[in-house]
Amino acid sequence: RAQQSTGENNSIFQLEKRKVAINFGYHILDIDGASSCANEEAAEAVYRSFFQTLRTLYPETPVEDAEGDKTVSLSSAAQLRHPSLMQEKTCSAWSDVVGFNYKGGPKDLDTTTIVKCMQDFIVKAKSPKDSRGLSCIQVLNVESLMI
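Residues numbered from 1 in each chain as written. Predicted model: local features only at pLDDT ≥ 70, side-chain atom pairs only at ≥ 80, totals over all residues. Heavy atoms only, no water.

### Quick look at the overall build of the protein
Piece 1. When helices and strands are tallied, the protein shows 2 helices and 5 strands.
Piece 2. Order of helices (α) and strands (β) in the protein, N terminus to C terminus: β-α-β-β-β-α-β.
Piece 3. For the protein, with 147 residues in total, the buried portion stands at 37%.
Piece 4. In the protein, the share of contacts with a sequence separation of at least 24, taken over all contacts with a separation of at least 6, comes to 82%.
Piece 5. When the accessible surface of the protein is totalled, it reaches about 9000 Å², and 52% of it is carbon and sulfur. (Helix = DSSP H or I, 4+ residues; strand = E, 2+ residues; numbered from the N terminus. Buried < 20%, exposed > 50% of the residue type's maximum accessible area, 1.4 Å probe, protein only. Contact = heavy atoms within 4.5 Å. Areas by Shrake-Rupley, 256 points an atom, 1.4 Å probe, with all protein chains shown as cover.)

### Notes on the pairing of strand S4 (residues 93–104)
Piece 1. A large share of S4 lies buried, amounting to 9 of its 12 residues.
Piece 2. The pairing of strand S2 (residues 63–65) with S4 spans 3 bridges and is classified as antiparallel. Residue pairing across strands places Val-63 opposite Gly-104, the latter belonging to S4. (Pairing = 2+ DSSP bridges.)

### A short note on the nonpolar core
Piece 1. Ile-22, Phe-50, Phe-100, Tyr-102, Ile-137 and Val-142 are the most contacted members of the largest nonpolar core, which has 29 residues in total.
Piece 2. The set of elements that each furnish at least two residues to this core consists of strand S1 (17–30), helix H1 (38–57), S4, helix H2 (111–125) and strand S5 (133–145).
Piece 3. Sorting elements by how many residues they give to this core places H1 first, with 9 residues.
Piece 4. Here Ile-137 is in contact with Phe-24, Gly-25, Tyr-26, Ala-42, Ala-45, Val-46, Gln-119 and Ile-122, once residues within four sequence places are set aside. (Core = buried A, V, L, I, M, F, W, Y, C linked by side-chain atoms within 4.5 Å.)

### Describing H2
Piece 1. The terminal C-alpha atoms of H2 lie 21 Å apart, and with 15 residues this matches the ideal 21 Å at 1.5 Å per residue to within 8%.
Piece 2. Of all the residues in H2, the buried ones are Ile-114, Val-115, Cys-117, Met-118, Gln-119 and Ile-122. (Expected span 1.5 Å × (residues − 1).)

### Digging into the environment of Val-63
Piece 1. By the element assignment, Val-63 lies in strand S2.
Piece 2. Taking the relative accessible area as the measure of exposure, Val-63 reaches 10% and is therefore buried.
Piece 3. Considered as a pair, Val-63 and Phe-51 are 12 residues apart in the sequence and their alpha carbons are 7.5 Å apart.
Piece 4. Non-local contacts of Val-63, meaning those with residues more than four positions away in its chain, are made with Phe-51, Leu-54, Arg-55, Tyr-102, Lys-103, Gly-104 and Gly-105.

### With respect to the packing of H1 against H2
Piece 1. For the pair H1 and H2, interaxial distance at closest approach is 8 Å and the crossing angle is 120°. Relative to H2, the element H1 lies oblique. H2 is crossed by H1, and the crossing has right-handed handedness. Here Ala-45, Val-46, Ser-49, Phe-50, Gln-52, Thr-53, Leu-54, Thr-56 and Leu-57 of H1 lie close against H2, whose contacting residues are Thr-113, Ile-114, Cys-117, Met-118, Phe-121 and Ile-122.
Piece 2. Looking at the contact of H1 with H2 residue by residue, the classes come out as 10 nonpolar, 5 polar and no charged. (Axes fitted to C-alpha atoms, helices over the stretch in contact; angles between N-to-C directions. Parallel < 35°, antiparallel > 145°, perpendicular 65-115°, else oblique. Left-handed = near helix turned anticlockwise from the far one by under 90°. Nonpolar A, V, L, I, M, F, W, Y, C, P; charged D, E, K, R; others polar.)

### What about the packing of aromatic side chains?
What characterises a pair of aromatic rings is the spacing of the ring centres plus the angle enclosed by the ring planes.
Piece 1. Counted under the stated rule, the structure contains 8 aromatic pairs.
Piece 2. For the ring pair Phe-50 and Phe-51, a centre distance of 5.6 Å and an interplane angle of 80° mean the geometry is edge-to-face. Note on accessibility: Phe-50 and Phe-51 belong to one class, buried.
Piece 3. On the numbers, 5.2 Å between centres and 70° between planes, the contact of Phe-50 with Tyr-102 is edge-to-face. Taken as a pair, Phe-50 in helix H1 and Tyr-102 in strand S4 lie far apart in primary sequence, 52 residues in all.
Piece 4. Among the aromatic residues, ring-to-ring pairing joins Tyr-47, Phe-50, Phe-51, Phe-100 and Tyr-102 into one connected group. (Phe/Tyr/Trp six-rings, centres within 6.5 Å; stacked < 30°, edge-to-face > 60°.)

Have a look at this one:
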């Protein structure tokens, strides 16, 4: 674990908080048999692949999700939208955005390499038995944001 404690709230090594926004698209193969929350499933796959990618590309740099501060924002699942503006949960999207906080990782991200590596992880994680639901997820861009 990257964070070592010497006391309850004191730490020797504190990971820096960071924020990222990831632009992605997804396609649902069979809308009738699709999951009721395809946008959230796609966002979760993108979220997991981001951490796998950082741990693979930058093994010397510890990274973890922001445990108690875990806030994942998905643009197509915005809670405060007027119901008439809500995206259907079982439709494909050319472009969606998921944003979340994390701790550690490199200060400067090589976004081109990260996007490619994330895409590779997503493709490898797709189960061959998945004949319905999400047929593909495409990572389009990764952007570091100021906290």
